[in-house]
Amino acid sequence: MYSRQILSRLTTSTIRSRCFASTLVLAEQIEGGKLAPVTLNTLTAAAQLKQDIDCVIFGTEKTNETANELKKFTNCNIKKILLAENAGFKGLLSESVTPILLDIQKKNNYTHILGGSSTFAKGVLPRLAALLDVQPISDITAVIDKSQYSRFIYAGNAILKLKSNDPVQIITVRGTAFEAAKQGGGSGEAQIEKVNSTPNNDLSEFVSRQVQQSERPELASARIIFSGGRALKSKENFKLLYDLADLFPGQATVGASRAAVDAGYCANDLQIGQTGKIVAPDLYVAIGISGAIQHIAGMKDSKVIVAINKDADSPIFAIADYGLTGDLFKVLPELTEKLKKK
Ligand SMILES: Cc1cc2nc3c(=O)[nH]c(=O)nc-3n(C[C@H](O)[C@H](O)[C@H](O)COP(=O)(O)OP(=O)(O)OC[C@H]3O[C@@H](n4cnc5c(N)ncnc54)[C@H](O)[C@@H]3O)c2cc1C
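The text that follows walks through the structure, step by step, so that each part is easy to find. (Residues numbered from 1 in each chain as written. Predicted model: local features only at pLDDT ≥ 70, side-chain atom pairs only at ≥ 80, totals over all residues. Heavy atoms only, no water.)

## Some remarks on helix α5 (residues 119-132)
Inclusion rule: We count a stretch as a helix when DSSP gives it H or I for four or more residues in a row; a strand needs E for two or more, and each element gets its number in order from the N terminus. Take the number of residues in a helix, subtract one, and multiply by 1.5 Å to get its expected span. Only protein chains enter the calculation, and the probe is 1.4 Å; a residue is then buried if its accessible area is under 20% of its type maximum, exposed if over 50%, and partly exposed in between. The directions considered for the arc are those from the helix axis to the C-beta atoms.
With 14 residues, α5 should reach 20 Å at 1.5 Å per residue; the first-to-last C-alpha distance of 21 Å fits that figure. Residues of α5 that are buried include every one of Phe-120, Ala-121, Val-124, Leu-125, Leu-128 and Ala-129, and no others. The arc enclosing the buried residues of α5, seen along the axis, measures out at 135 degrees, which places them on a common side. Opposite the buried face of α5, by more than 90 degrees, sit the exposed residues Thr-119, Lys-122 and Ala-130. In the stretch just after α5, Asp-133 is the one whose phi turns positive, near 60 degrees.

## Examining the sheet that holds strand β13 (residues 252-256)
Note: strands within a sheet are paired through backbone hydrogen bonds, in either parallel or antiparallel orientation. Short version of the rule: Note: two strands are recorded as paired if DSSP finds a minimum of 2 bridges between them. Structural elements are reduced to axes, namely lines fitted to C-alpha atoms, with helices fitted over the stretch in contact, and the angle between N-to-C directions of any two is expressed from 0 to 180 degrees. We call two residues in contact whenever any of their non-hydrogen atoms come within 4.5 Å of each other.
Strand order across the open sheet formed by five strands is β13-β12-β14-β15-β16, with parallel pairing between neighbours. Because the sheet does not close on itself, it has two edges, and the strands there are β13 and β16 (322-325). Direction aside, neighbouring strands of the sheet carry axes that sit 15 degrees apart on average. Together, β14 (283-287), β15 (304-309) and β16 form the strand contacts of helix α10 (residues 328-341), whose direction differs from that of β15 by roughly 130 degrees.

## A short note on the packing of helix α4 (residues 94-108) against α5
Note the threshold: Orientation is classified from the angle alone, with under 35 degrees giving roughly parallel, over 145 giving roughly antiparallel, 65 to 115 giving roughly perpendicular, and any other angle giving oblique. Handedness of a crossing follows from how the near helix is turned relative to the far one, being left-handed for an anticlockwise turn of less than a right angle and right-handed for a clockwise one. Any residue outside Ala, Val, Leu, Ile, Met, Phe, Trp, Tyr, Cys, Pro, Asp, Glu, Lys and Arg is labelled polar, Gly included; the first ten of those are nonpolar and the last four are charged.
Two elements in contact, α4 and α5, have axes whose closest approach is 9 Å; the angle formed by their N-to-C orientations is 50 degrees. Between α4 and α5, the angle falls in the class oblique. By crossing handedness, the relation of α4 to α5 is classed as right-handed. Judged by residue contacts, Ser-94, Glu-95, Val-97, Thr-98, Leu-101, Leu-102 and Gln-105 of α4 engage Phe-120, Gly-123, Val-124, Leu-125, Arg-127, Leu-128, Leu-131 and Leu-132 from α5. In terms of residue class, the contact of α4 with α5 is built from nine nonpolar, four polar and two charged.

## Some words on the pattern of salt bridges
We apply this condition: Here a salt bridge means any side-chain nitrogen of Lys or Arg lying within 4 Å of a carboxyl oxygen belonging to Asp or Glu.
Following the criterion strictly, the structure yields nine salt bridges and no others. Arg-216 serves as the salt-bridge partner of Asp-246, at 2.9 Å between the closest nitrogen and oxygen. Within this pair, whereas Asp-246 is found in the loop between α6 (239-245) and β13, its partner Arg-216 is found in the loop between β11 (191-194) and β12 (224-228), the two being separated by 30 residues in sequence. Given a relative accessible area of 25%, Arg-216 falls into the partly exposed group. When the shortest N-O distance is used, the salt bridge between Arg-223 and Asp-282 registers 2.9 Å. Taken together, the residues span a long stretch of sequence, with Arg-223 in the loop between β11 and β12 and Asp-282 in the loop between α7 (258-262) and β14 at a distance of 59 residues. What makes Asp-282 partly exposed here is its relative accessible area of 28%. Taken together, the shared-partner salt bridges connect Arg-223, Asp-282 and Lys-303 into one network.

Next up, the structure:
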């Protein structure tokens, strides 16, 4: 009979040999086979775990092109890129993707599976965690070690440091909390491998997608955001913000508070905050936004915050680096004219 100590040592070493520590990153493909920027932030978080990284790309086509783009980010020690390409992944429905991901996990026994805090990964990873009977860890802002992470709770008002004892750690990564991975520096020898990926999904069906066409950068990657609130009063007045953004081509875009979105002044995907997007641009200009905690949760990590508000007691001024008390309908046209002259 084994003593309890020997048994426990045996069990640990069996687990170790079965489960060589390695990380899987759920890489995201966007329109035209391009790599989603959030994948690069996720790779940086994954690299901090200091173990080999494999990536998986789901898509209907051009996964090979996305993989070749991904291969350039050699500073992160990517060993293998798995391609799960199938026409059945249209719309990248969680119900189609998760069983394939589960299959990949069963074959490879990753200890960590990471994705960006995007709509896609936020749909897939908690499902995978439930199927693996582990607790998902959402929206981390720091990797402390292989089982401890930081994340915000209470709409960004407290930082939680958590330790997970789960054998597989399923994590989403807040993109704005990690630098994007850089090109070069490593071998660039990541192996590309196709995986068997025929989705079998009779639970849901992709019908259509409405995409806001815009020449401006994505909110998550814009360096400057002009964000409007309820005070803009109409959809037409949002043009004041677009005029400003257009003075910084390729760098600036427009965001909004939930009150502005709910009032129909702009599209839902411009919403910034707890229930919208989390951004951290170099410059965030809050225009006619009061600064409710749910809004601040989405932009307080911006490098420089400017507030324009006619109420000097508005809470937004408490977090603004620069504040201007005034009527936006006077200030914005003046600001636009002055910037045009620069
Ligand atoms: C569960 C939950 C989740 C939420 N999630 C989000 C979220 O993700 N994002 C979000 O933004 N909100 C969210 N909210 C809503 C949030 O609580 C606020 O209601 C919302 O942010 C207010 O938007 P606002 O600042 O545009 O409007 P208001 O609070 O009405 O502020 C308008 C501001 O404009 C100023 N103003 C008025 N006229 C002018 C003028 N002419 N010139 C200059 N300034 C002027 C006023 O002084 C005021 O400060 C959430 C709420 C809940 C309960």
